[in-house]
Amino acid sequence: MATSSSLLSEDQFLCSICLDVFTEPVTTPCGHNFCKACIRQYWDSNDLCLCPMCKEKFHRKPVLRINTFISEMAAQFRKSVESPCDICTGTKLKALKSCLVCQTSYCETHLEPHQRVAALKRHKLIKPVENLEDRTCKNHNRLLELFCRTDQTCLCVLCFKTDHMAHDIVPIEEEYEEKKVQLGKTEAEVQQMIQKRLQKVQEIKHLVDLSKKEAQREISNSVQVFTDLVRSIERSQAELIEMFEENQKAAERQAEGLIKDLEQEINELKRRSTELEQLSHTEDHFLLLQSFPSLCTPPHTKDWSEICVHGEICVGTVMRAVSQLEEALMREVRKLCDAELKRIQLETVDVTLDPDTAYPKLTLSEHWKQVRHEGTLKKLSDNPERFDSNCCVLGKKGFFSGRFYYEVTVQGKTKWDLGVARESINRKAKIILKPQNGYWTVVLRNGNKYKANAGHPVTLSLRKKPQKVGVFVDYEEGQVSFYDVEARSHIYSYTGCIFTEKLYPYFSPCNNAGGKNSAPLIIS
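So, a few notes on the structure that sits alongside this text. (Residues numbered from 1 in each chain as written. Predicted model: local features only at pLDDT ≥ 70, side-chain atom pairs only at ≥ 80, totals over all residues. Heavy atoms only, no water.)

Regarding the overall build of the protein
What the protein contains, in helices and strands, is 9 helices and 21 strands. Projecting the C-alpha coordinates of the protein onto the three principal axes gives extents of approximately 185 × 75 × 45 Å. Split into buried and exposed, the 524 residues of the protein put 31% on the buried side. Excluding contacts between residues fewer than 6 apart, the proportion of contacts in the protein whose partners are at least 24 apart in sequence is 56%. Accessible surface, the protein: about 33900 Å² in total, of which carbon and sulfur atoms supply 53%. Looking at the protein, you have 73 positive and 72 negative side-chain charges, and the mean spots of the two groups are 8 Å apart. (Helix = DSSP H or I, 4+ residues; strand = E, 2+ residues; numbered from the N terminus. Buried < 20%, exposed > 50% of the residue type's maximum accessible area, 1.4 Å probe, protein only. Contact = heavy atoms within 4.5 Å. Areas by Shrake-Rupley, 256 points an atom, 1.4 Å probe, with all protein chains shown as cover. Lys, Arg positive; Asp, Glu negative; His and termini not counted. Charge placed at Lys NZ, Arg CZ, Asp CG, Glu CD.)

Points about the side chain of Glu265
Structurally, the position occupied by Glu265 is in helix 7 (residues 172–280). Comment: no salt bridge for buried Glu265; closest opposite-charge side chain is Lys302, at 5.9 Å. At 2.8 Å, the side chain of Glu265 forms a polar contact with the side chain of Trp304. What Glu265 contacts, discounting residues up to four positions off in sequence, is Thr301, Lys302 and Trp304. (Salt bridge = Lys/Arg side-chain N within 4 Å of Asp/Glu carboxyl O. Polar contact = N/O pair within 3.5 Å; in protein donor to acceptor, adjacent residues only side chain to side chain.)

Examining the packing of aromatic side chains
In total, this model carries 10 aromatic pairs according to the counting rule given. Seen in terms of ring centroids, Phe400 and Tyr475 are 5.9 Å apart; in terms of plane orientation they differ by 50°. Their pairing is tilted. On the criterion of sequence distance, the pair formed by Phe400 in the loop between strand 11 (393–394) and strand 12 (403–409) and Tyr475 in the loop between strand 17 (468–474) and strand 18 (479–484) is long-range, its members being 75 residues apart. We classify Tyr475 as buried; its relative accessible area is 8%. When the ring of Tyr475 is compared with that of Phe499, the centres are 5.4 Å apart and the planes differ by 50°; the resulting orientation is tilted. Of this pair, Tyr475 sits in the loop between strand 17 and strand 18 while Phe499 sits in the loop between strand 19 (489–494) and strand 20 (503–508), and the two are 24 residues apart along the sequence. (Phe/Tyr/Trp six-rings, centres within 6.5 Å; stacked < 30°, edge-to-face > 60°.)

Focus on the nonpolar core
With 37 residues, the main nonpolar core has Trp416 and Phe507 as its most contacted residues. The contact partners of Trp416, leaving out residues within four places of it in the chain, are Val410, Val442, Val443, Leu444, Arg445, Tyr450, Val469, Ser508, Cys510 and Leu521. Cys38, Ile39, Cys49 and Cys51 belong to the second-largest nonpolar core, a separate cluster that totals 19 residues. (Core = buried A, V, L, I, M, F, W, Y, C linked by side-chain atoms within 4.5 Å.)

Focus on a negative patch on the surface
Side chains of Glu239, Glu242, Glu245 and Glu246 sit close together on the surface and give a patch of like negative charge. By secondary structure assignment, the location of Glu246 is in helix 7. Take Glu246: its relative accessible area is 40%, and that puts it in the partly exposed class. (Patch = residues over 30% accessible without salt bridge, like charges linked within 9 Å, V, L, I, M, F, W, Y side chains within 5 Å.)

Thoughts on the sheet that holds strand 8 (residues 169–171)
Across the sheet, 3 strands lie side by side as 7-6-8; this open sheet has antiparallel pairing. A strand with exactly one partner marks an edge of an open sheet, and here the two such strands are strand 7 (153–155) and strand 8. Adjacent strand axes in the sheet meet at a mean angle of 35°, parallel and antiparallel pairs treated alike. Bridging between strand 6 (residues 146–148) and strand 8 involves 3 bridges; their strand directions are antiparallel. Bridge pairing in strand 8 links Leu146 to Pro171. (Pairing = 2+ DSSP bridges. Axes fitted to C-alpha atoms, helices over the stretch in contact; angles between N-to-C directions.)

Side note on the pattern of salt bridges
According to the stated counting rule, one finds 21 salt bridges in the structure shown. A salt bridge links Glu214 to Arg343; the nearest nitrogen and oxygen atoms lie 3.8 Å apart. With Glu214 in helix 7 and Arg343 in helix 9 (residues 315–344), this pair connects stretches of sequence that are 129 residues apart. You can call Glu214 partly exposed: its relative accessible area is 23%.

See the structure below:
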């Protein structure tokens, strides 16, 4: 059966404050163990009452009681690891000191000669330890009392004289003190790293809480929007049904009146038909001639050939209702887009143009906020960053993470390209704007044709011509979105992108087309 000393290690019974075996061990509410005196002294020397291990804060100092189980285990462990006296016979007493010269551990009684005899007084005494032979040189059977910094090993005097004369040698005590200082610094650095990571944990938890609240707010807003839309649709449907039913009732009333008039004329005509038939069978010549003028004159009737019943139920009515719903939906969409754009605008960054990347026919303003195509080829340094075949320029600062947003005035232009480009794009050849080549852009052509260059160009139908375009990037989400800032509307979004390198704002004012497209792109 295994003994307790073989199952338990020294680390399990060391106080993390004094680094010695527990004395009167106590347990904090968070479950960590310390010497009673150590934890009290730690709390007395700090403003906050917290656990030295996990940094959990306590509003008041916890009531500490001796953990009897750990106390008994620590006592057994201490007893099991105590060094016995090498001189004692029979029952061995606890060693008080170990002599590195004699390589022997002594109890208080057998240590007496080392405290009395002059020659023995010069011996090196340390706290009692086991395996004293490990502190002796295997080659020369001499005490290891030197440290070679060159080879990072312990030496005896003879080792030094034979193999390490040219090395950096110091007494082992000196190296011990230096290493102890380094350990203290390392421990402080580790504690600092722990603190930073604990702070980061709190930051992440805080961000998660904020994200949760934001998500709940968005859910609430979206539920309200869709509830209002559903109610609007139901109300429009009810109004449309009511109108159809009223029109149907009106048509029925009209038909009833017409039928009544027709039935009256039918009765009158039937009476006339009867009179005519009777007259046609009479043999009284005088009666026939006398009655003929009045009976053969047609009775007064309406002209029914153009009269019909028209229901007002028509496609136009439905289309008008649908059009009204569409307008209501667009109003809600504009509200949502406006709220989204306001949040995105909080991510605005200061973007300036990088003259070292500008195509030689482009002219940049003094503060690098405007770019236009002048048409004159300038003599500029040919550096790896400069575009030499494409009328474009990049922003000076690249982004490797997070979110960023910027706005560009495009008023007065008939052609332009805007978006972002990755750092490794080819700048020395004709380019095709598409994500596979490292470009996520929206472009204007011929004054009114807008496209997103998403592999296969996507034609964009915009209600108004944007005068200012906003560009938003969420690096981690893989999203690049474009907005009409003044109309507060969404233009297009690239989603599901995978970014692995820096992204730079991308601008092209395009050729000035003989002055028709001479207006600059202006970073707002």
